[in-house]
2 protein chains.
Amino acid sequence: MNAPAGLPPLPTVADVEDAARRLRGVAVRTPLLESPLLNERLGGRLLVKAEPLQLTGSFKFRGAYNRISRLSPEERQRGVVAFSSGNHAQGTAYAAKICGAPAVIVMPADAPAIKIANTRAYGAEVVLYDRHKEDREAIGNRYARDRGMTLVPPFNDPYIICGQGTVGLELTAQCAERDITPDAVLAPASGGGLISGIALAVKSRLPDCSVYCAEPHGYDDIDQSLKAGRIVSHSANEPTFCDALMAPHPGDITFGVMSQQLAGAVSATDAEIETAMATAFHYLKLVVEPGGAAALASVLNGKVPCANRTVIVVASGGNVDSALYSTIISRTPPV
Amino acid sequence: MNAPAGLPPLPTVADVEDAARRLRGVAVRTPLLESPLLNERLGGRLLVKAEPLQLTGSFKFRGAYNRISRLSPEERQRGVVAFSSGNHAQGTAYAAKICGAPAVIVMPADAPAIKIANTRAYGAEVVLYDRHKEDREAIGNRYARDRGMTLVPPFNDPYIICGQGTVGLELTAQCAERDITPDAVLAPASGGGLISGIALAVKSRLPDCSVYCAEPHGYDDIDQSLKAGRIVSHSANEPTFCDALMAPHPGDITFGVMSQQLAGAVSATDAEIETAMATAFHYLKLVVEPGGAAALASVLNGKVPCANRTVIVVASGGNVDSALYSTIISRTPPV
């Protein structure tokens, strides 16, 4: 860890490498997919790191396992608590199960049904709350206090960031195996845990590669924060279509890493994200949820150019209800 | 190759290994996926070899490339011709493109729109015919004769079988890497090219593992042929929902291999296949087309037991129109 002036101690690539050792043989080394037809359409080379194929259907398992597997036997026995709209919930629930720790997950009552059902199926106790009237952090903290449970934060934690960062180590290794030199790497961002970890890994291996985060249009708190040089909240107050990307602002650790490592933040509209989901269906046969498609959508819309270049996007999750998914792909043509 | 009494020379595992060398760095080494929740539901371990993630969206690219890449420069210049309802069409079109050979693909006019459009997008000349009035073999043979093109058969060819068999070599290697010993391996079958190649590979590496093919209910010509000890045609005369699995009977080479290597043939109804597609969507985030889901459907319905065992199914393709796919997943719950 290093500690720049005014920032908390920040994780380094060595911490990501340590997380990779811990996750080896536990997490899935997800494939780096591409489509010759899509490449031709874009006039460049686009590769998709397929985290919907990760255990629990999103990258979130990586960070949760890296955190929970480091708990002492006593801490494991008391269990863990997390609050999440869904993917962190499932990742934490399953990581806790593997580690033999009970888990309480605080979820908004209006989270996608598939995410609530799966979190329960992984053996966690789900506590639902009203997003408009209740404070999920207060509920989580109460469980932590009353039952002695360890809080597993969604993003602003070095172990969480470094677990997610194993996505970046894997994709650089997969590029090396196939003689690919990417010009840019993008991943969706909410609190910034995933992209922070990826940036640490990618910039250490490929210093000339530009790393961007992709936010839903209107939820551009990371873009605003990077431009302001301080943590800023977005001003949206409606739930977004990208239910996985609703954090109001980055944390101090993720902001610190992103300030040092990112080339910038881009964004995608709901319509662009629907097209990206249909494109992943058509060309890649991969189910991607709305929030998981923000980086792909940004590249398909030229926010980061792909023509005559090689760009890697992370599809971060695939936990989408069948009703919503079928509505989107039946009405939306791919690019 | 070996030649049992009354059968043509049959390919061996050495021919599959030769195909694997040729396909290395060209075809995708597709992942072997599993879902902890689905395993718990089944009381066993189910792994899915994900060929929808192969180039062109199905395993068919493997065999086509193994065949076309062996043509002489003169043969490549004259080009190739194939007849196919869709996946072999796309696999052949793209393999021909990579090898610099022009391709004519004879397709039924009622094939899924996505398969016709993609075959054209890979640069092939598509010739449509009426499935009820015209003979596709006659059309294909005319192109072969008039333009000196090489016919790329869909399944009854040693190079095609061995290219498809690389699926089997990969899955045995992936099992070895993860200390997995499968009790059974299943793949969908129409003419039997895929399952023949897989059986050669799997039985050479894991002689105690049982290999089965899965046919659509009513299109059980392989089951009938294996039981009769001779090639028998199925009696269905309507197109099946599994448009990829419509060959009327196995070929003499595939029948020869299957007679020696298979433990049997199982089948799945349309309703069971829809449930399998919804299950792959829900638990694996993988888009699977009807014909590609026949093996998964057979296991989910206990035709080959999975409880307290380890079973591998091949999901053979994912080229399904968005309208059909969204209809199926919106109305069909997963297991």
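Residues numbered from 1 in each chain as written. Chains lettered and ligands numbered in written order. Predicted model: local features only at pLDDT ≥ 70, side-chain atom pairs only at ≥ 80, totals over all residues. Heavy atoms only, no water.

In the annotation of an unreviewed UniProt entry, chain A is listed under the name Threonine/serine dehydratase and assigned to Ferrovibrio xuzhouensis.

Q: Is there a simple way to think about the interface of chain B and chain A in this case?
A: Interface size, as often reported, equals the accessible area lost upon joining of the parts. Tallying the contact residues gives 30 residues for chain B and 30 residues for chain A. Both sides of the chain B and chain A interface together cover about 2,500 Å² of buried area, and 70% of this is carbon and sulfur. Contact with chain A buries surface across chain B, with Leu-37, Phe-281 and Lys-285 of chain B losing the most and accounting together for 27% of the total. For the interface between chain B and chain A, the tally reads two salt bridges. (Contact = heavy atoms within 4.5 Å. Buried area = accessible area lost by both parts, 1.4 Å probe. Salt bridge = Lys/Arg side-chain N within 4 Å of Asp/Glu carboxyl O.)

Q: What should I look at first to understand the relation of the copies chain B and chain A in this one?
A: For these two chain copies, the linking operation is a rotation about an axis paired with a shift along it. In screw terms, the move from chain B to chain A is a rotation of 180° and a rise of 0.0 Å along the axis, fitting with an RMSD of 0.0 Å. A rotation of that kind, with that shift, is consistent with a two-fold axis. In terms of C-alpha distance to the rotation axis, chain B has Ser-326 of chain B as its closest residue, with the C-alpha 2.1 Å off the axis. (Least-squares fit on C-alpha atoms with pLDDT ≥ 70 in both.)

Q: Would you take a moment to explain the sheet that holds strand E10 (residues 310-315) of chain A for this structure?
A: By way of backbone hydrogen bonds, the strands of a sheet pair with one another, either parallel or antiparallel. Residue and element names in this part refer to chain A. The six strands lie next to each other as E1-E2-E10-E7-E8-E9, forming an open sheet whose pairing is mixed. Every interior strand has two partners, whereas the edge strands, strand E1 (32-33) and strand E9 (264-268), have only one. As defined by bridge partners, strand E7 (residues 184-188) adjoins E10 across three bridges and the pair is classed as parallel. In the sheet register, Val-185 faces E10, and the bridge partner there is Ile-312. (Pairing = 2+ DSSP bridges. Helix = DSSP H or I, 4+ residues; strand = E, 2+ residues; numbered from the N terminus.)

Q: Mind showing me how you'd approach helix H12 (residues 270-284) of chain B here?
A: In an α-helix, one full turn covers 3.6 residues, which means residues spaced three or four apart are oriented alike. If you check H12 of chain B, its first and last C-alpha atoms are 20 Å apart, about what 15 residues at 1.5 Å a residue would give, namely 21 Å. Taken residue by residue, H12 of chain B has Glu-272, Ile-273, Glu-274, Ala-276, Met-277, Ala-278, Thr-279, Ala-280, Phe-281, His-282, Tyr-283 and Leu-284 of chain B as its buried positions. (Expected span 1.5 Å × (residues − 1). Buried < 20%, exposed > 50% of the residue type's maximum accessible area, 1.4 Å probe, protein only.)

Q: It is not clear to me how the packing of aromatic side chains should be interpreted in this structure. Could you clarify?
A: Describing an aromatic ring pair means giving the distance of the ring centres and the angle of the ring planes. Applying the stated criterion to the full structure yields eight aromatic pairs over all chains. Plain terms: the ring middles of Phe-281 of chain A and Tyr-325 of chain B are 5.2 Å apart, the flat faces sit at 40° to each other, and that makes the pair tilted. Separated into two different chains, Phe-281 of chain A in helix H12 (residues 270-284) and Tyr-325 of chain B in helix H14 (residues 322-331) make up a pair that spans both. Here the two residues Phe-281 of chain A and Tyr-325 of chain B agree in accessibility, since each one is buried. Ring centres of Phe-61 of chain B and Tyr-94 of chain B lie 5.7 Å apart, and the angle between their planes is 40°; on these two criteria the pair is classed as tilted. (Phe/Tyr/Trp six-rings, centres within 6.5 Å; stacked < 30°, edge-to-face > 60°.)

Q: Explain the pairing of strand E5 (residues 125-129) of chain B here, please?
A: Residues and elements named next belong to chain B. Summarising the sheet, strand E4 (residues 103-108) and E5 pair through five bridges and their orientation is parallel. Paired with Pro-108 across the bridge in E5 is Tyr-129. Note on the crossover from E4 through helix H6 (residues 113-121) to E5: the handedness is right-handed. (Right-handed = clockwise from strand over helix to strand, strands pointing away.)

Q: Honestly, the nonpolar core in this entry has me stumped. Any pointers?
A: The nonpolar side chains of soluble globular proteins are, as a tendency, buried together. Counting 140 residues, the largest nonpolar core has Leu-46, Leu-186 and Tyr-325 of chain A together with Leu-46 and Tyr-325 of chain B as its most contacted members. Beyond its immediate sequence surroundings of up to four residues, Leu-46 of chain B is in contact with Leu-33, Glu-34, Leu-38, Asn-39, Leu-296, Val-299, Leu-300, Cys-306, Val-311 and Val-313 of chain B. (Core = buried A, V, L, I, M, F, W, Y, C linked by side-chain atoms within 4.5 Å.)

Q: Explanation requested: the packing of helix H1 (residues 13-23) of chain A against helix H9 (residues 193-205) of chain A in the structure shown.
A: A pair of packed helices is characterised by two quantities: the angle between their axes and the separation of those axes. Residues and elements named next belong to chain A. Two elements in contact, H1 and H9, have axes separated by 9 Å at closest approach and are oriented at 105°. It follows from the interaxial angle that H1 and H9 lie roughly perpendicular. Residues Val-13, Val-16 and Glu-17 of H1 form the contact with H9, whose participating residues are Gly-197, Leu-200, Ala-201, Ser-204 and Arg-205. Considered class by class, the residues forming the contact of H1 with H9 number four nonpolar, two polar and two charged. (Axes fitted to C-alpha atoms, helices over the stretch in contact; angles between N-to-C directions. Parallel < 35°, antiparallel > 145°, perpendicular 65-115°, else oblique. Nonpolar A, V, L, I, M, F, W, Y, C, P; charged D, E, K, R; others polar.)

Q: Help me understand the domain arrangement of chain A, please; the structure alone is not making it clear to me.
A: Residue and element names in this part refer to chain A. One can read the domain layout of chain A as domain 1 (13-58 + 162-331) and domain 2 (61-151). Taking the mean C-alpha position of each, domain 1 and domain 2 sit 24 Å from one another. Across the boundary between the two partners, domain 1 contributes 27 residues, which contact 19 residues of domain 2. Carbon and sulfur atoms make up 51% of the area that domain 1 and domain 2 hide from each other, which totals about 2,000 Å². The three residues of domain 1 that bury the most area against domain 2 are Arg-22, Thr-56 and Asn-319, which together make up 31% of that side's buried surface. (Domains from an automatic or database assignment.)

Q: Teacher, can you tell me more about unusual backbone geometry here?
A: As a rule of thumb, non-glycine residues mostly have phi less than zero, and peptide bonds are mostly trans rather than cis. Notably, Thr-56 of chain A is not glycine yet its phi reads approximately 70°, a positive angle. For Thr-56 of chain A, the position within the fold is in the loop between strand E2 (45-50) and helix H3 (60-68).

Q: Would you mind showing me how to read the sheet that holds E4 of chain B here?
A: Strand order in the open sheet formed by four strands is E5-E4-E3-E6 (chain B), with parallel pairing between adjacent strands. What marks the edges here is a single partner per strand, and that holds for E5 and strand E6 (150-151) of chain B.

Q: Just to check I follow, could you spell out the pattern of salt bridges for this structure?
A: Oppositely charged side chains may form a pair once their charged atoms are brought near each other. Enumeration over the complete set of coordinates arrives at 36 salt bridges over all chains. Across the salt bridge formed by Lys-115 of chain B and Glu-289 of chain B, the nearest N and O atoms sit 2.8 Å from each other. With Lys-115 of chain B in helix H6 and Glu-289 of chain B in the loop between H12 and helix H13 (294-300), this residue pair connects regions lying 174 residues apart in the sequence. Taken together, the shared-partner salt bridges in this structure form one network comprising Lys-49, Glu-51, Arg-62 and Glu-170 of chain A.

Q: Just to check I follow, could you spell out the environment of Lys-285 of chain A for this structure?
A: Here Lys-285 of chain A lies in the loop between H12 and helix H13 (294-300). Taking the C-alpha atoms as reference, Lys-285 of chain A lies 10.0 Å from Leu-33 of chain A; in sequence the two are 252 residues apart.

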